[in-house]
Amino acid sequence: MIFYLENIEDMDFYFTNNETNENPIDLGLTDLVSYSVETQHSIEHVKVIYDLNKNNCLIDAKLSNKIMLTEISPKLINQLAYLIKRMLDDCLMIYKKIFLTKMIFETDLDVLGVVYDTIKVSCFIKTNNLPVSATSWQILKNALEESVQAERAEIIERPATMLILNLKRKKLRNFTIIYDFAKDSNAFQLPFSTTLTDALRALIERYCNFKGTHEVSLYLQFDLLQRNTLQIKKGRLYPSRKIRELSTPETKFIIAQVNQMMSLVSNVKISSFELSRKRDGTYGSNFEVINDEHPSKRHSNMFCVDYFTSCEIAQTFQRVLDKYSLPKLYREWINTVAVNISIKSGKWIDTFKYYKLQHQFDKDENAVDHAKHLVNIANKEIRNYGKICDFDVVTHHGMLTELELLVSDINKLNYRPFKPMKLPLNALLTIEPKVYYRFRLSPNGYYLLSERYLGWSKL
């Protein structure tokens, strides 16, 4: 794929409105640039999620002052819009017959514009509730074949690098094929082996045809640069049931769901888990799995579903909450504890990863005063345990909607050199898009580190 940037101002683009010469991508980027100019914050990274069915897009951008604020000219906007639309046309050429639903384009920006080696293009394809008789596996298989044909025809100049499967309630709901321009490989134009496709088909069919009552949700990432075998990079497992109490029957159900995951994918191990206590007293959990580079030939990665294992996990959950969470904050905050896990001789050994507190404001006109009160109380509880190392203030439609605190171990705080951003007080509670303001702790107090901008655009 070759881009002739000097001629892009005069080109007509796909999905352009003939009367206004505008489309959702242009409109969304223009709004983002206007926000950048107003706040005097640089656009460091931008992600554009274009929905082909609804003809709208979401602009998800990170702003900071890590790079110099450049004069954002129409030419730079046109360059970015041109790249996105060319990628969209290419993705449609590759996957249109296979129900391409969304195209996601993301890249870093610097003073010169687009950083080409940071481009990622993701093709999101639905496999659920389609007006055809094809199975989800047939749709996925065709997409992989079309990817290889596109590489050989040089429609896209990088190999497909990653496959993401979203499995939920005994169905493959959707999948995503990613092209990462930072990764070139000898895999370019090579076919996927029968070993890989057979393993992928078996995984999907076994999940969809599972006879038990468990409906665990799985989010799995596979390395497509390894085309001889199916190699998982990482994944996340979401048990289908909330935990009412940290008891043996509850954890026994979770073990059975973890085992279902382990039976589908070889050479994986649990690396961490999150345990969230909701304000109603229930718990949610999820587990991260990674590729096991040194799998044991003597021991299976599956767990014994018995009383003793259930007790061990129930005790682990309770121990994690006792060590890392603060019960006095349960009433007003969603408490989430994440720990890294290693399993030795059947024992779960945990190490602290993070402790997060979240509070949502439901159209609260006094949300700012309420937030100050909540933070003051949380600070008093936390100060002997750790430090609020980061916190996010979330605004939408000119209102404070959410507050999130990230707590660090007091002995493991690392202060890094920083250049504080100016806080746009005039924009903080006036702009329409959703914005996450990330503040970070320094020896001199908290400073604005970055912003995450979320803006919808449609015609």
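Model, not experiment: these values are computed from the prediction. Throughout this description, residue numbers start from 1 for each chain and increase along the sequence as written. The model is predicted, so local features are restricted to residues of pLDDT at least 70 and side-chain atom pairs to those at 80 or more, both for listing and for counting; the totals for chains, interfaces and linings are taken over all residues. Side-chain metrics rest on all non-hydrogen atoms present in the structure, leaving aside hydrogens and water.

Draft legend 1. The overall build of the protein, seen in detail. Within the protein one finds eight helices and 17 strands. Burial analysis of the protein (459 residues in total) assigns 50% to the buried set. Note on definitions: a residue-residue contact is assigned when non-hydrogen atoms from the two residues lie within 4.5 Å. The contacts in the protein between residues at least 6 apart in sequence include a share of 69% that link residues at least 24 apart. Surface accessibility follows the Shrake-Rupley procedure with a 1.4 Å probe radius. Residue values consider only the protein chains on display as shielding. Approximately 23600 Å² of the protein is accessible, and the part contributed by carbon and sulfur atoms is 49%. By the criteria applied, helices consist of DSSP H or I runs no shorter than four residues and strands consist of E runs no shorter than two, each listed in order from the N terminus. Remark: exposure states derive from per-residue accessible area (1.4 Å probe, protein chains only) relative to the maximum for the residue type, with buried under 20%, exposed over 50%, and partly exposed in between.

Draft legend 2. Region of the structure containing helix α3 (residues 136–152). The end-to-end C-alpha separation of α3 is 25 Å, in line with the 24 Å expected for 17 residues at 1.5 Å each. Among the residues of α3, those classed as buried are S136, W137, I139, L140, A143, L144, S147, V148, A150 and E151. Just downstream of α3, E154 is the residue with a positive phi angle, here 55°. Helix span, as expected, comes to 1.5 Å for every residue beyond the first.

Draft legend 3. The pattern of salt bridges, seen in detail. One side-chain nitrogen of Lys or Arg within 4 Å of one carboxyl oxygen of Asp or Glu is enough to make a salt bridge. If you walk through the whole model with that rule in mind, you get 17 salt bridges. Between K353 and E288 there is a salt bridge, with the nearest N and O atoms lying 4.0 Å from each other. Of the two residues, K353 sits in strand β13 (residues 347–360) while E288 sits in strand β11 (residues 283–291), which places them 65 residues apart along the sequence. Note on E288: relative accessible area 15%, which makes it buried.

Draft legend 4. Structural detail: a nonpolar patch on the surface. Exposure above 30% relative accessible area and the absence of a salt bridge qualify a residue for a patch, where like charges join within 9 Å and nonpolar side chains (Val, Leu, Ile, Met, Phe, Trp, Tyr) within 5 Å. Among the surface-exposed residues, M68, V111 and L112 lie close enough to one another that they form a single nonpolar patch of about 370 Å² accessible area. With respect to the helices, strands and loops of the structure, L112 is situated in the loop between β3 (100–110) and β4 (113–114). When its relative accessible area of 74% is taken as the criterion, L112 is described as exposed.

Draft legend 5. Region of interest: the pairing of strand β17 (residues 445–458). In the sheet, strand β2 (residues 56–64) pairs with β17 via eight bridges, with the strands oriented antiparallel. Bridging from a neighbouring strand, I59 pairs with G455 of β17. We call two strands paired when DSSP finds no fewer than two bridges between them. Linking strand β16 (residues 434–442) to β17, which pair antiparallel, is a turn of two residues.

Draft legend 6. Expanded view of the nonpolar core. Membership of the largest hydrophobic core comes to 118 residues, with the highest contact counts inside it found for L29, Y95, L140, L165, F175, I177 and Y179. Examining the composition of this core, we find that 11 residues originate from one element, helix α2 (residues 74–95), more than from any other. Setting aside its immediate chain neighbours within four residues, Y95 contacts L100, C123, I125, A143, E146, S147, I177 and Y179. Note on terminology: a nonpolar core comprises buried Ala, Val, Leu, Ile, Met, Phe, Trp, Tyr and Cys residues joined through side-chain atoms within 4.5 Å. Of all hydrophobic cores here, the second largest spans six residues; its members include I49, L58, I104 and L454.

Draft legend 7. Just the confidence of the model for the protein, in detail. On average, residues of the protein score 85 in pLDDT, and 87% of them reach the 70 mark or higher. Counting interchain partners and residues more than four positions distant, the pLDDT-below-50 stretch residues 1–21 has 40 contacts. What pLDDT reports is the predictor's confidence in each residue, on a scale of 0 through 100.

Draft legend 8. Structural context of helix α1 (residues 24–39). Between its first and last C-alpha atoms α1 spans 23 Å; for 16 residues at 1.5 Å apiece the expected length is 22 Å, and the two agree. Contacts described as polar in this section are N or O atom pairs within 3.5 Å, which, within protein, must combine one atom able to donate a hydrogen with one able to accept it, while residues neighboring in sequence count only if both atoms come from side chains. Here α1 starts with a cap whose side-chain oxygen sits 2.9 Å from the backbone nitrogen of I25, and that cap is N23. Where α1 terminates, the next one or two residues include Q40, which has phi positive at roughly 60°.

Draft legend 9. Molecular detail of the side chain of S193. Summarising the element assignment, S193 is placed in the loop between β7 (171–180) and α4 (194–208). With a relative accessible area of 17%, S193 lands in the buried category. In terms of polar contacts, S193 uses its side chain to reach the backbone carbonyl oxygen of N228, at 2.6 Å. Residue contacts for S193: discarding those within four places in its chain leaves R227, N228 and T229.

Draft legend 10. Local environment of a positive patch on the surface. A surface patch of positive charge is lined by K120, K183, K233 and K234. With respect to the helices and strands, K183 occurs in the loop between β7 and α4. With a relative accessible area of 34%, K183 lands in the partly exposed category. Counted charges follow a simple rule, with Lys and Arg positive, Asp and Glu negative, and His plus the chain ends left uncounted. Think of each charge as sitting on NZ of Lys, CZ of Arg, CG of Asp or CD of Glu.

Draft legend 11. Representation of the packing of helix α5 (residues 248–264) against helix α6 (residues 307–324). A fitted line through C-alpha atoms serves as each axis, taken over the contacting stretch for helices, and the angle formed by two N-to-C directions is quoted from 0 to 180°. One can describe the packing of α5 onto α6 by two numbers: an axis separation of 8 Å at closest approach and a directional angle of 105°. It follows from the interaxial angle that α5 and α6 lie roughly perpendicular. For the pair α5 and α6, contact is made by T248, T251, K252, I254 and I255 and by Y307, T309, S310, C311, I313, A314 and F317, respectively. Only Asp, Glu, Lys and Arg are considered charged, only Ala, Val, Leu, Ile, Met, Phe, Trp, Tyr, Cys and Pro nonpolar, and every remaining residue, Gly among them, polar. A breakdown of the residues in the contact of α5 with α6 according to their chemical character gives seven nonpolar, four polar and one charged. Note that the term roughly parallel is reserved for angles under 35 degrees, roughly antiparallel for angles over 145, roughly perpendicular for angles of 65 to 115, and oblique for everything else.

Draft legend 12. Here's a closer look at unusual backbone geometry. Positive phi, normally seen in glycine, also occurs at N55, with a value near 55°. Tracing the backbone through its elements, the reader meets N55 in the loop between β1 (42–51) and β2. A relative accessible area of 24% places N55 in the partly exposed class. The phi dihedral of Q189 falls on the positive side, at around 75°, and the residue is not glycine. Checked against the element boundaries, Q189 lands in the loop between β7 and α4. Judged by relative accessible area, Q189 falls into the partly exposed class, the value being 28%.

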